Amino acid sequence: MPLRTHLIPLLLLLLSPSSQRRPFSRALGVARRSRRRTALGARARASMVPPGDAHAASAAPFRIGYVSDVEGHWDYFLEYVERSNVLDWEDAPTSAPIASTDVKFQRLALVGPDSHFVFGGDAVDKGPGDIRLVRALVGLKKRYPDRVHLLVGNRDLNKIRLPSELSRADMARPIDEIGGPFWDPKAPSLREYMEQLQEERGESSIDELNSRPERLRYMLKHTLGCPDTFEFRREEMQLLTQIYGHYPPSTDTHDAIPMPVNLQRVNSDSSEISDEEVVDSFIYEVKSPEGSLHQYLQSASIAAVVGNTVFVHGAIDRLTAKFVPALDTKFQIPQTPPPPFDEPHLSPPIDGSFIDDVHEWVDALNEYMRHGMRDFVDRPEWNAERNSRGGESLLAIQNRPAMWGRSVVCNSYADGGVIHTLEAAEEKREKALRNAQQQTNPLAFEGIASNVMDPLPAQWLLDQGFKRVVVGHKPTGDCPAILHSSYTGLEVVSVDTSFSHRRDMKNRDSSLKFGAFRGDAIAVVEIMGEDKHNNALVTSGVLACGTDYCNLYPVLGNSSGEQASSEVGDPCLGKKLPGGWWVKAAVPPNYHLTRGSGRLVEYDVRPIAEVQEMLTS
């Protein structure tokens with residue numbers, strides 16, 4: 001059975017007035033015993049409040065659930081919900097005609113009157129569940145508009161390209177006019193891709209290959225980083241066609257998510273889906289008002305605030321803090337000079353604006369999102385000169401070169417599975433910034449990590465009462481990468497386990513439960529406490545080695561400037577050891593450590609006492 005968090009009673013105790021508390025040592029002992037358990041049985045909700053505590057029982061604790069970068073991995077999301085203390089499924093009867101009786105219909109629901117949920121972006125691309133996942137999230141947002149926040153990631157926003165680049169007008173253009181992606185000079189052009197296909201398939205002419213399906217396959221593989229997505233979409237369309245009898249399903253079904261009861265029977269009658277139908281699906285889902293991704297983008301935000309925590313997909317760093325791009329920003333190499341990267345706030349930007357108030361900054365970013373979607377709806381394809389299309393600003397904000405490195409969607413802290421880079425990576429970042437400034441080269445920003453230790457953005461947030469930033473976007477190994485609040489005063493949480501399978505364990509008992517890249521790892525991130533300003537981070541799940549974990553971090557102070565409590569939470573998690581190792585998870589009697597750079601991630605296990613001595617010596 002999945003691991004459940006039994007730490008809420010402890011949080012309520014520690015956040016209550018001191019006169020109402022039991023002795024702390026006794027409470028901590030309970031928490032430690034709970035953390036050692038690797039299988040906590042059925043849902044923990046029955047034990048979320050201390051037995052006999054009428055006050056706690058009548059007022060559910062404040063909770064935020066967070067997950068990001070699911071990327072169409074439907075089975076992963078189902079497991080996440082099973083482990084969540086914030087989300088659950090409930091029956092959702094539908095009156096729409098159903099072709100298969102081996103299906104039940106459900107919808108997502110929040111658990112508790114003061115529960116909130118944030119999806120951190122990147123809902124689609126790398127699994128056969130894009131449509132169902134997005135439908136489930138949009139349905140949840142519609143039912144709880146003030147307590148559910150859907151953020152946009154680059155994988156969500158970049159699909160805005162499809163209606164224009166697969167239009168009849170673009171298909172009529174000579175392929176030599178269509179170059180490779182401006183942000184990746186190493187990627188092949190469309191002609192180079194077609195010539196390779198011609199050689200592989202023995203075709204006599206490239207013209208025979210210049211079809212919408214091949215153009216889409218080229219885009220997915222070489223410009224969007226998801227070469228398997230075309231077949232994943234076909235697989236999901238087959239399933240939905242078997243269930244409903246046709247695709248796309250009628251709008252009556254949008255709030256009810258099909259859950260096959262007998263998957264073997266549902267899949268036994270395979271429906272033929274042509275390549276052209278797959279292309280039509282990609283365009284329909286992002287362009288049609290009834291499309292799943294279209295509705296997600298209409299409901300989504302670039303940033304969200306819940307209490308003392310700010311959420312974005314990428315990073316709030318020296319370049320993105322306070323910055324809001326101009327509404328007419330283009331998806332191209334910038335035509336404006338680079339900003340001063342060392343001290344970006346000394347003068348107003350010529351290609352946007354600075355907003356000092358964090359709440360107003362978040363509101364302005366989200367208005368930028370809404371403006372971009374209105375523009376996309378009005379003109380989803382190119383103009384006659386092919387120099388403008390709707391939604392151009394949204395394509396720009398998910399592309400670091402187009403933003404001169406100021407993309408709150410695509411900048412990232414994580415590198416090599418940890419929250420802060422090794423010295424070599426830090427030198428790479430500084431060199432890239434100099435290159436961008438001196439050589440006017442926006443491509444220099446590709447592949448560098450933001451400095452999570454930078455006091456400038458941290459102090460900006462702290463001065464306005466914020467204590468935590470939560471992001472996704474960049475893989476963090478097999479569990480969240482976290483910066484302890486003792487470094488800058490700000491707790492930073494980075495969560496993306498999309499590349500978490502350990503290659504060094506290929507000869508061990510690893511089931512690859514969630515695919516060849518995710519492996520067995522799953523992460524559940526929740527923020528729990530008495531209210532939105534007094535709360536603590538709890539991370540739980542399964543490491544790549546198959547070990548369950550459940551970790552509690554310090555209770556963060558409230559908006560009046562109170563510091564993090566030293567009375568609760570593991571004091572070593574989220575801290576750096578000599579040799580570049582970071583303390584990522586506690587599974588008594590050991591800590592699990594990670595270090596790395598780029599795509600290289602190393603793992604180690606050391607006794608808790610040894611790590612504690614290293615941090616105090």
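How each quantity is defined
Residues numbered from 1 in each chain as written. Predicted model: local features only at pLDDT ≥ 70, side-chain atom pairs only at ≥ 80, totals over all residues. Heavy atoms only, no water. Helix = DSSP H or I, 4+ residues; strand = E, 2+ residues; numbered from the N terminus. Core = buried A, V, L, I, M, F, W, Y, C linked by side-chain atoms within 4.5 Å. Buried < 20%, exposed > 50% of the residue type's maximum accessible area, 1.4 Å probe, protein only. Contact = heavy atoms within 4.5 Å. Pairing = 2+ DSSP bridges. Axes fitted to C-alpha atoms, helices over the stretch in contact; angles between N-to-C directions. Salt bridge = Lys/Arg side-chain N within 4 Å of Asp/Glu carboxyl O.

Trainee: Got a sec to walk through unusual backbone geometry? Specific residues and values, please.
Mentor: Geometrically, the link from Tyr-247 to Pro-248 is a cis peptide bond, its omega value of 0 degrees lying close to zero. Note on placement: Pro-248 falls in the loop between helix H11 (229-244) and strand E6 (257-260). At Asp-125, a residue that is not glycine, the phi angle is positive and equals roughly 120 degrees. Of note in this structure, Lys-322 is not a glycine but carries a positive phi near 75 degrees.

Trainee: Describe the nonpolar core, with residues and values.
Mentor: Of all hydrophobic cores here, the largest spans 116 residues; its most connected members are Phe-77, Phe-117, Tyr-296, Leu-297, Phe-311, Ile-316 and Trp-361. Of the residues forming this core, the biggest block, eight residues, is contributed by helix H15 (residues 358-378). Residues contacting Leu-297, with those up to four places away along its chain left out, are Val-152, Asp-156, Leu-157, Ile-160, Val-286, Met-369 and Met-373. Listed in part, the 33 residues of the second largest apolar core include Phe-105, Leu-216, Met-237 and Leu-240.

Trainee: Run through the pairing of strand E1 (residues 62-67), naming residues and quoting values.
Mentor: Taking burial as the measure, the six residues of E1 include six buried ones, the bulk of the element. Of the two faces of E1, both are covered, the one formed by Phe-62, Ile-64 and Tyr-66 as well as the one formed by Arg-63, Gly-65 and Val-67. Sheet topology note: the E1/strand E14 (residues 522-531) ladder contains five bridges and is antiparallel. By the bridge assignment, Gly-65 is partnered in E14 with Glu-526.

Trainee: So what's going on with the environment of Lys-126? Which residues, and what values?
Mentor: Relative to the elements of secondary structure, Lys-126 occurs in the loop between strand E4 (115-119) and helix H5 (130-143). Along the chain, Lys-126 and Phe-517 lie 391 residues apart, while their C-alpha atoms are 10.0 Å from each other. Excluding residues that lie within four positions of it along the chain, Lys-126 makes contacts with Glu-71, His-73, Arg-155, Gly-225, Phe-232 and Phe-499.

Trainee: So, the environment of Ala-536: which residues are in play, and what are the values?
Mentor: Mapped onto the secondary structure, Ala-536 falls in strand E15 (residues 534-542). A C-alpha to C-alpha distance of 6.1 Å links Ala-536 and Leu-556, two positions 20 residues apart in sequence.

Trainee: So what's going on with the sheet that holds strand E11 (residues 468-471)? Which residues, and what values?
Mentor: Read from one edge to the other, the open sheet built from five strands follows the order E7-E8-E11-E13-E12, with strand pairing classed as mixed. Single-partner strands in this sheet number two, and they are strand E7 (303-306) and strand E12 (481-483). Geometrically, the sheet is characterised by an average inter-axis angle of 15 degrees between neighbouring strands, direction not taken into account. One ladder, built from four bridges, connects E11 with strand E13 (residues 491-494); its direction is parallel. From the neighbouring strand, Val-471 faces E13, where its bridge partner is Ser-494. Running at roughly 140 degrees to E7, H15 makes contact with E7 and strand E8 (309-312) of the sheet.

Trainee: Please give an account of the pattern of salt bridges that cites residues and values.
Mentor: Per the stated rule, a full pass over the model turns up 35 salt bridges. Here Glu-79 and Arg-83 are joined by a salt bridge, their closest N and O atoms 3.0 Å apart. Of the two residues, Glu-79 and Arg-83 both sit in helix H4 (residues 74-83), four residues apart, roughly one turn of that helix. You'll find Glu-79 and Arg-83 in the same group, each marked buried.

Trainee: How would you sum up the sheet that holds E15? Please name residues and give values.
Mentor: The strand order across the open sheet built from six strands is E5-E4-E1-E14-E15-E16, with neighbouring strands paired in mixed fashion. One side of each edge strand has no neighbouring strand; the edge strands of this open sheet are strand E5 (148-150) and strand E16 (548-556). Direction aside, the axes of adjacent strands within the sheet are offset by 15 degrees on average. The strands touched by H5 are E4 and E5; relative to E5, the strand with the most contacts, the crossing angle is about 140 degrees.

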